[in-house]
Amino acid sequence: MVCHCLFEQSGTFKNEFKKLGYEAYDYDIQNNFGQTDYVIDLFREIRGGL
């Protein structure tokens with residue numbers, strides 16, 4: 001199972017999923033904690049998908 005954590009800059013949930021053996025990635029507009037896998041404007045992506 002692959003877990004995608006949106007708006008989760010700290011990596012808290014992503015890292016817990018990884019501890020449980022899941023493949024996990026997080027996405028956010030900033031990387032202040034050095035944990036964000038993909039720095040992306042999620043709101044722009046959501047609006048663009050409409």
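Please refer to the structure placed before this passage.
About the thresholds
- Residues numbered from 1 in each chain as written.
- Predicted model: local features only at pLDDT ≥ 70, side-chain atom pairs only at ≥ 80, totals over all residues.
- Heavy atoms only, no water.
- Helix = DSSP H or I, 4+ residues; strand = E, 2+ residues; numbered from the N terminus.
- Buried < 20%, exposed > 50% of the residue type's maximum accessible area, 1.4 Å probe, protein only.
- Pairing = 2+ DSSP bridges.
- Right-handed = clockwise from strand over helix to strand, strands pointing away.
- Salt bridge = Lys/Arg side-chain N within 4 Å of Asp/Glu carboxyl O.

Q: Just checking my understanding: could you explain unusual backbone geometry for this structure?
A: One can expect most non-glycine residues to show negative phi and most peptide bonds to be in trans. In this structure, F7 is a non-glycine residue whose phi angle is positive, near 55°. Following the sequence through the fold, F7 ends up in the loop between β1 (2–6) and α1 (12–19).

Q: In this structure, what is going on with the pairing of β1? I would like to understand it.
A: On a regular strand, each side chain points to the face opposite its neighbour's, so the side chains alternate between the two faces of the sheet. Burial along β1 is one-sided: the residues C3 and C5 are buried and none of V2, H4 and L6 is. Sheet topology places β1 next to strand β2 (residues 23–28); 5 bridges connect them, and they run parallel. Bridge pairing in β2 places V2 opposite E23. In this region the chain leaves β1, passes through α1 and returns to the parallel neighbour β2; the handedness of that crossover is right-handed.

Q: Could you clarify how one ought to interpret the pattern of salt bridges in this entry?
A: When their charged atoms lie close together, side chains carrying opposite charge are able to pair. Evaluation of the coordinates by the stated rule reveals 4 salt bridges. Between K19 and E16 there is a salt bridge, and its shortest N-O distance comes to 3.1 Å. Within this pair, K19 and its partner E16 are both found in helix α1, separated by 3 residues, close to a single helical turn. Among the residues examined, K19 registers a relative accessible area of 64% and is labelled exposed. When salt bridges with common partners are traced through the structure, they connect K14, D26 and D37 into a single cluster.

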